[in-house]
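Coordinate inspection notes
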Amino acid sequence: MERIRARLSLNRKSALSVPVKLRKRKSKLYSKEDAHVQFQNGLFGVGINVTLFIVAYRLVNCLLVQSSFVPDEYWQSLEVAHQLVFKYGYLSWEWTEGIRSYLYPLFFASIYKILHFLNYDTVQLLVWLPRLAHAFLAALADIKLYSLIRGLEHSGVARWVFVSQLCSWFTWYCCTRTLTNTVETVLTTLALHYYPLHGSKVQDSSKYLGLVALAVIIRPTALIVWLPLLGYHFLREDDKLNLVTHRVLPVGVLTLGISTVIDCIFYGKWTLVQLNFLKFNVFHNVAEFYGSHPWHWYLTQGFPVVLGPHLPFFLHGCTLAPQRYRILLVTVIWTILVYSLLGHKEFRFIYPVLPLCMVFCGFSLASLKAWKRPAVCLLFLSNLLPALYTGLIHQRGSLDVMSHIQPLCEGKYSSSTPEPFVYFLMPCHSTPFYRFSLNCTLNLQNVQAKQILTSATSYCDQFIFHQMHWLKTAFHNEASLPSHLVFFDVLTKEISSFLEVKQYVKKTEVFHTHVPEGRVGRNICVYERRGIPLTTRDNFIF
């Protein structure tokens, strides 16, 4: 026994004296390339190259959109921000009635305030910085949509959803505009990234609920889009009471409370914007003053135009997408049906469901085999033409005409005319004012759009249908006459006698659109009053 013990002890000592070679670990948790991998994944869960490409793409998108869409992209955001910071200008009737929240304009007001503080509040920066900010927000939304699908499906589907999103002509046309519909679409896309879709790894619903609440505060109609998604989440949630009491109520109360405090401060009185919005647009149906369409308009015109060349791919993708995406399809259908019940309809109202449609387009493109390359080329080229035409040519006169008003702000006008006083005889708020090309206290006025709820027509309609009577009433003496008039060429014939008697001559004519319709003409005319001595007069308010 003693010999055996001695031998074992000797073997153990010899084994310890031999160095042991350890196997090199190949786990990425201990790799020296961790920092490089994290850098390649980018800040938003996608590759840094993809992130830089999307940002660059949306910046180019921003620079190539030089047309106007609707007045709200100025009068519900930038003109309000300009008035808050620079203390001149005036607000549209929606702000005097308290149906719009100041939360969104404050975002731009903060940009303007910083520029003003740094003494960099030039016209170019006032015009482009808000647009560039929206370009970055649009890029973030693109990244989050791509990241969402990449986390749920294989990379091929995510790639084609991404391609579909970038090819969309309507997204190109709208995503860099300072519209509440645009920020609603961005917030909806971001919220969808954090939404607990079946198969996703989302655990905390507070993020998506906060983004939804913010979207509803900025634009209350965002609730229409999110009602099916919120209901679906509630039905699938195991602890429904905890979801309501610890997530929905705290987020909703906090967001609404902050928004109400901000609105009360800026309106100078107790104001619940969401209640006023409901009262004016549902109970009084004020929106129909701006036009109404038949119930089927979204089905026959609105949705097909917004989706554009993507429509066949969307319909094909609806038959291929997995079951977990049915709630997105239900949301699209629900939104279109609800908006179809409203009298006033616009393309931009259904813009928030467009990213949802791109998911189904991606499944369609991913399923194609031999025809994939021709299909993608056709999709790109068929979207390129409307994107460039609407961004660079269609309805650009509303912005271009302001460059002809700018010299008045700089004092470059004839000494034979009165001090500059420009009146816009156009459909209400057809052009921006002080925010675009003007950063001075030049006297600008237009046909106001204030609605009188007891009247069948608005102030704008009274001018459109009774031009001569309106002109004689508004400009009842020589002192009240503007030095310049701006209007669409379709009005020239109707007011030619007024122009001749009051000695107005055409100064310039600016192209606006190839498809004039109704009160909107092909060109915008600027007329100047000649032969009147320079006079000092008070601003005339109508």
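The shown structure was predicted, so the numbers you read here are calculated from the model rather than taken from an experiment. (Residues numbered from 1 in each chain as written. Predicted model: local features only at pLDDT ≥ 70, side-chain atom pairs only at ≥ 80, totals over all residues. Heavy atoms only, no water.)

1. Brief notes about the packing of aromatic side chains
Quick reminder of the rule: Aromatic pairing here means that ring centres of Phe, Tyr or Trp (its six-membered ring) are within 6.5 Å. Orientation follows from the plane angle: under 30 degrees is stacked, over 60 is edge-to-face, and everything else is tilted. Both a distance and an angle decide whether a charge sits over a ring: NZ of Lys or CZ of Arg must be within 6 Å of the ring centre and within 35 degrees of the ring normal.
Going through the model one piece at a time under the given rule, you end up with 32 aromatic pairs. Each residue in the set F69, W169, F170, Y173 and Y351 is aromatic and connected to the rest through ring pairs, giving one cluster. The side chain of R177 reaches across the aromatic face of Y173, ending 4.4 Å from its centre. Positioned above the aromatic ring of F234, the side-chain terminus of K240 is 5.8 Å from the ring centre.

2. Structural notes on the sheet that holds strand β2 (residues 443-446)
Sheets are built from strands that pair by backbone hydrogen bonding, the pairs being arranged parallel or antiparallel. Our working definition: Following DSSP output, two strands are said to pair if at least two bridges run between them. Numbering of helices and strands starts at the N terminus; helices are DSSP runs of H or I of at least 4 residues and strands are runs of E of at least 2. Throughout, an axis means a line fitted to C-alpha atoms (over the contacting stretch in the case of helices), and angles, computed between N-to-C directions, take values from 0 to 180 degrees. Whether two residues are in contact is decided by their heavy atoms: any pair within 4.5 Å suffices.
Read across the open sheet, the five strands follow the order β2-β1-β3-β5-β4; overall the sheet is mixed. Both outer strands of the open sheet, β2 and β4 (504-511), are each paired with one neighbouring strand and no more. In this sheet, neighbouring strand axes are inclined to one another by 20° on average, regardless of whether the strands run parallel or antiparallel. Pairing of strand β1 (residues 421-424) with strand β3 (residues 484-488) involves three bridges; the strand directions are parallel. Bridged to F424 within β3 is V486. Packed on one face of the sheet, helix α21 (residues 397-409) meets β1, β2, β3, β4 and β5 (523-529) and runs near 135° to β4.

3. Structural notes on helix α18 (residues 326-340)
To keep it simple, the criterion reads: Every helix has an expected span of 1.5 Å times one less than the residues it contains.
Taking 1.5 Å per residue as the helical rise, α18 with its 15 residues ought to reach 21 Å, and the 21 Å between its terminal C-alpha atoms agrees with that figure. On its buried face, α18 is in contact with α11 (180-193), α13 (222-236), α16 (297-307), α17 (311-318) and α19 (354-367).

4. Looking at the packing of helix α3 (residues 48-63) against helix α9 (residues 155-167)
Under the convention used in this document: Should an angle lie under 35 degrees it is considered roughly parallel, over 145 roughly antiparallel, and from 65 to 115 roughly perpendicular; all remaining angles are considered oblique. Less than a right angle of anticlockwise turn of the near helix away from the far helix marks a crossing as left-handed, whereas a clockwise turn marks it as right-handed. For this scheme, ten residues count as nonpolar: Ala, Val, Leu, Ile, Met, Phe, Trp, Tyr, Cys and Pro. Four count as charged, namely Asp, Glu, Lys and Arg, and the remainder, Gly too, count as polar.
Between α3 and α9, the shortest axis-to-axis distance is 12 Å and the interhelical angle comes to 15°. What the angle tells us is that α3 and α9 run roughly parallel. α9 is crossed by α3, and the crossing has left-handed handedness. Of the residues in α9, those touching α3 at V50, F53, I54, Y57 and R58 are F162, Q165 and L166. Considering only residue class, the contact of α3 with α9 consists of six nonpolar, one polar and one charged.

5. Considerations on the UniProt feature "transmembrane region" (unreviewed entry) in the protein chain
Our working rule: UniProt positions are given in the numbering used here, feature names are shortened, and annotations may be inferred rather than shown by experiment.
Here, the residues flagged by UniProt with the feature "transmembrane region" (unreviewed entry) are residues 208-235, 247-268, 327-343, 349-368 and 375-393. In residues 208-235, the share of helix is 89% and the share of strand is 0%. The end C-alpha atoms are 17 Å apart.

6. Examining empty space enclosed by the protein
What counts, and what does not: Computed over the protein atoms alone on a 1 Å grid, cavities are sets of points where a 1.4 Å probe fits but cannot get out and pockets are open sets with protein on both sides within 12 Å along at least five of seven lines; a residue lines them when it has an atom within 4 Å of a point. Grid points are joined across faces, edges and corners, and a volume is the space filled by probe spheres set on the points.
Tallied over the entire structure, the rule returns three cavities of 30 Å³ or more. Space inside the largest cavity adds up to approximately 80 Å³. A141, Q165, C175, T185 and Y351 are the residues nearest the centre of the largest cavity, which is lined by 13 residues in total. Per-element accounting of the lining of the largest cavity gives the leading share, four residues, to α11. By residue class, the composition of the lining of the largest cavity is six nonpolar, five polar and two charged. Taken as a whole, the second largest cavity spans an internal volume of roughly 40 Å³.

7. Some points on the pattern of salt bridges
If charged atoms from side chains of opposite charge come close, those side chains can pair. Going by this rule: A pairing counts as a salt bridge when a side-chain nitrogen of Lys or Arg comes within 4 Å of a carboxyl oxygen of Asp or Glu. Three labels apply to residues, based on accessible area from a 1.4 Å probe with only protein chains included: buried if under 20% of the type maximum, exposed if over 50%, partly exposed otherwise in between.
The full count for this structure, using the stated rule, is 12 salt bridges. The shortest N-O distance in the salt bridge between R348 and D72 comes to 2.7 Å. Of the two residues, R348 sits in the loop between α18 and α19 while D72 sits in helix α4 (residues 72-75), which places them 276 residues apart along the sequence. When its relative accessible area of 3% is taken as the criterion, R348 is described as buried.

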